[in-house]
Amino acid sequence: MTVMNVGLIGCGNISTAYLTLAPTYKNIRFVAVSDMNEEAALAKAKAFGLKARIVSDLLASDDIDIIVNLTIPDAHYDVTRRILDAGKHAYTEKPLVLTLKQAKSLADLAASKGLRIGSAPDTFLGGAHQQARQIIDAGGIGKVTSGTAHFMGPGMEMWHPDPDFFFKPGGGPVLDMGPYYITNLVQLIGPVKRVAALATSAQTERTITSQPRAGETIPVQTPTTIHALLSFENGATVTLNVSWDVKKHRHANMELYGTEGALFVPDPNHFGGALEQADADGTVTEVPVWDHPFGKLNWELDGKTPRANYRTAGLADMAAGITEDRPHRCGLELAVHVTDVMTSILKSGELGQFIDMTTTCDRPAALGPDAARALLKDDA
């Protein structure tokens, strides 16, 4: 398998997971990092034995094939465009961009240059979600007709060191957490046809309780609670609730209801988790975990909670797609459609009306255990 060299722009929180996990894949190799804050780039480069370069030098580097964009969401469009203009393939953290116009602009540019764009999330490639896909594709719950999806919590200012951008236009729980839930729904049951939503904010400002800025207040400039209805092309209807105004709730992350049963899907923000299934008479059983490498526990959260974390799986699959001349699973068409869904939800919340999608996409190819295993090094 051809190894592709990778550079990274944006040395914030999420870069640690990318750089830690990338060496488990056989076909990607990070060689350099960059950040507008040169000290951050130097520190990250030293920690992972890489080179630190200024952004312009990284873009011009002849030894890099793909550049990963880990900047803040408001910068995603400009940075990804610069990556493509530099003749490099681009892989960006979620969301792809903040508007459908931006998404289509990047798609046109990539097509004109013969380059690939990939976009997180890649958590839907996890063992639990791919097993859910296998059950649905095999008719295990019949035709999916409806479902629910919930992500609700108290907010980002309680843990993030610089949470301001989460509460600005282009932030909010739909664009921040929506990619995980909507992407997983699309890979499980197909593209969305139209949406409707109610959107509110519980507060006009937030007080930061995380360090180092505890006590500072920041204005809330985007909806922080959104109740949405998603109508899918296959006829299914799903309720999606996302909020940063909820102290506690008892809703499951994702439930899908079919003509022959139901499927209870774990948190789409993670690769693994327990999967449960109800049969036609309503009996619920835990699904035996299949032998999928992206479901195995390999990461300790806060040093005490092991979970499955295979971030960069989407990047590795894109690199394989480039060398094998096949579509990659965290593909541009999927990301553009998810952008259409998310921005339409926000538009519906603003206008108080149903919004029809102007895009569609194919479901990404399933990633079974053997295909996932083929991306990993033999000793991973």
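Residues numbered from 1 in each chain as written. Predicted model: local features only at pLDDT ≥ 70, side-chain atom pairs only at ≥ 80, totals over all residues. Heavy atoms only, no water.

Some remarks on the pairing of strand 12 (residues 237-243)
Applicable threshold: Three labels apply to residues, based on accessible area from a 1.4 Å probe with only protein chains included: buried if under 20% of the type maximum, exposed if over 50%, partly exposed otherwise in between. Under the scheme used here, helices are H or I runs from DSSP no shorter than 4 residues and strands are E runs no shorter than 2 residues, and both carry numbers assigned from the N terminus. Whether two strands pair depends on DSSP finding at least two bridges between them.
Counting buried residues in strand 12 gives five out of seven residues, a clear majority hidden from the surface. Where strand 7 (residues 144-152) lies against strand 12, seven bridges are found, and the strand directions are parallel. Following the sheet pairing, Ala-149 is matched in strand 12 by Leu-240. Bridge analysis of strand 11 (residues 225-232) against strand 12 gives seven bridges, and the strand direction is antiparallel. Across the sheet, residue Leu-230 finds its bridge partner in strand 12, namely Val-238. Hairpin remark: strand 11 followed by strand 12, antiparallel, with four residues in the connecting loop; positive phi at Gly-235, about 100 degrees.

Looking at the pairing of strand 8 (residues 192-200)
Sheet topology note: the strand 8/strand 11 ladder contains eight bridges and is antiparallel. Along strand 11, the bridge assignment pairs Val-195 with Leu-230. Two strands pair when backbone bridges link them, and strand 8 and strand 19 (residues 355-356) are joined in this way by two bridges, in the antiparallel orientation. Bridge pairing links Arg-194 to Asp-356 in strand 19.

Here we look at the pattern of salt bridges
For clarity, the threshold we go by: We define a salt bridge as a contact between a side-chain nitrogen of Lys or Arg and a carboxyl oxygen of Asp or Glu at a distance within 4 Å.
Summed over the entire model, instances satisfying the criterion amount to 16 salt bridges. The shortest N-O distance in the salt bridge between Arg-311 and Glu-93 comes to 3.2 Å. Here Arg-311, found in the loop between strand 18 (305-307) and helix 8 (313-324), pairs with Glu-93, found in the loop between strand 5 (89-92) and helix 5 (100-113); they are 218 residues apart in sequence, far enough to count as distant. Summarising the burial analysis for this pair, Arg-311 and Glu-93 share the class buried. Across the salt bridge formed by Arg-133 and Asp-137, the nearest N and O atoms sit 2.8 Å from each other. In this pair, Arg-133 and Asp-137 both sit in helix 6 (residues 127-137), four residues apart, roughly one turn of the helix.

Regarding the environment of Pro-327
Along the chain, Pro-327 turns up in the loop between helix 8 and helix 9 (332-351). Assessed through its relative accessible area of 70%, Pro-327 is described here as exposed. For the pair formed by Pro-327 and Ala-365, sequence separation is 38 residues and the distance between their alpha carbons is 8.5 Å.

Structural notes on the sheet that holds strand 14 (residues 261-265)
Note the following rule: Residue contacts are defined here by distance: any two heavy atoms, one from each residue, within 4.5 Å place the two residues in contact. Whenever a helix is involved, its axis is fitted only over the stretch in contact; in every case the axis is a line through C-alpha atoms, and angles between N-to-C directions fall within 0 to 180 degrees.
Read across the open sheet, the nine strands follow the order 16-15-14-13-7-12-11-8-19; overall the sheet is mixed. The sheet is open, and its two edges are formed by strand 16 (284-286) and strand 19, each paired on a single side. Helix-sheet contacts for helix 7 (residues 172-189) involve strand 7, strand 8, strand 11, strand 12, strand 13 (254-258) and strand 14, and the interaxial angle to strand 12 is about 155 degrees. Sitting on the sheet, helix 9 is in contact with strand 8, strand 11, strand 12 and strand 19, with an inclination near 40 degrees to strand 8.

Comments concerning helix 2 (residues 38-48)
One full turn of an α-helix is made of 3.6 residues, so residues set three or four places apart face in the same direction. Inclusion rule: The directions considered for the arc are those from the helix axis to the C-beta atoms. In protein, a polar contact requires one atom able to donate a hydrogen and another able to accept it; more generally it is a pair of N or O atoms within 3.5 Å, and residues adjacent in sequence count only if both atoms are side-chain atoms.
Turning to helix 2, its buried residues number three or more, namely Ala-41, Lys-44 and Ala-45. Buried residues of helix 2, seen end-on, are gathered within an arc of 100 degrees and therefore sit on one face of the element. For helix 2, the exposed residues set more than 90 degrees away from the buried face come down to Glu-39, Leu-42, Lys-46 and Ala-47. Against helix 1 (15-21), strand 2 (28-34) and strand 3 (51-52) lie the buried residues of helix 2. Capping of helix 2 at its N-terminal end is provided by Asn-37; its side-chain oxygen lies 3.0 Å from the backbone amide nitrogen of Glu-39.

Looking at the environment of Asp-245
Locating Asp-245 in the fold gives a position in the loop between strand 12 and strand 13. Not counting the four nearest positions on each side in its chain, Asp-245 is found in contact with Gly-153, Thr-200, Ser-201, Ala-202, Gln-203, Arg-206, Thr-224 and Thr-225. Within the structure, the side chain of Asp-245 is placed 2.7 Å from the side chain of Thr-224, a separation counted as a polar contact. At a separation of 2.7 Å, a polar atom in the side chain of Asp-245 contacts the side chain of Thr-225.

A few points about empty space enclosed by the protein
Rolled over the atoms, a probe as big as a water molecule pinpoints where empty space is left. Operational definition: Cavities and pockets are found on a 1 Å grid laid over the protein atoms alone: a cavity is a set of points where a 1.4 Å probe fits but cannot escape, a pocket is an open set with protein on both sides within 12 Å along at least five of seven lines, and a lining residue has an atom within 4 Å of such a point. Grid points are joined across faces, edges and corners, and a volume is the space filled by probe spheres set on the points. Residues are grouped as follows: Ala, Val, Leu, Ile, Met, Phe, Trp, Tyr, Cys and Pro are nonpolar; Asp, Glu, Lys and Arg are charged; all remaining types, including Gly, are polar.
If you walk through the whole model with that rule in mind, you get two cavities of 30 Å³ or more. Quantified by volume, the largest cavity comes out at close to 100 Å³. For the largest cavity, the lining is made up of 15 residues, of which Ser-119, Ala-120, Pro-121, Thr-183 and Ala-335 are closest to its centre. Looking at the lining of the largest cavity, the elements with two or more residues in it are helix 7 and helix 9. Per-class residue counts for the lining of the largest cavity are ten nonpolar, four polar and one charged. If you add up the space inside the second largest cavity, you get close to 40 Å³. In terms of lining, the second largest cavity is formed by Pro-73, Pro-95, Phe-165, Phe-166, Gly-170, Gly-171, Gly-172, Leu-175 and Asp-176. Class assignment of the residues belonging to the lining of the second largest cavity gives a composition of five nonpolar, three polar and one charged.

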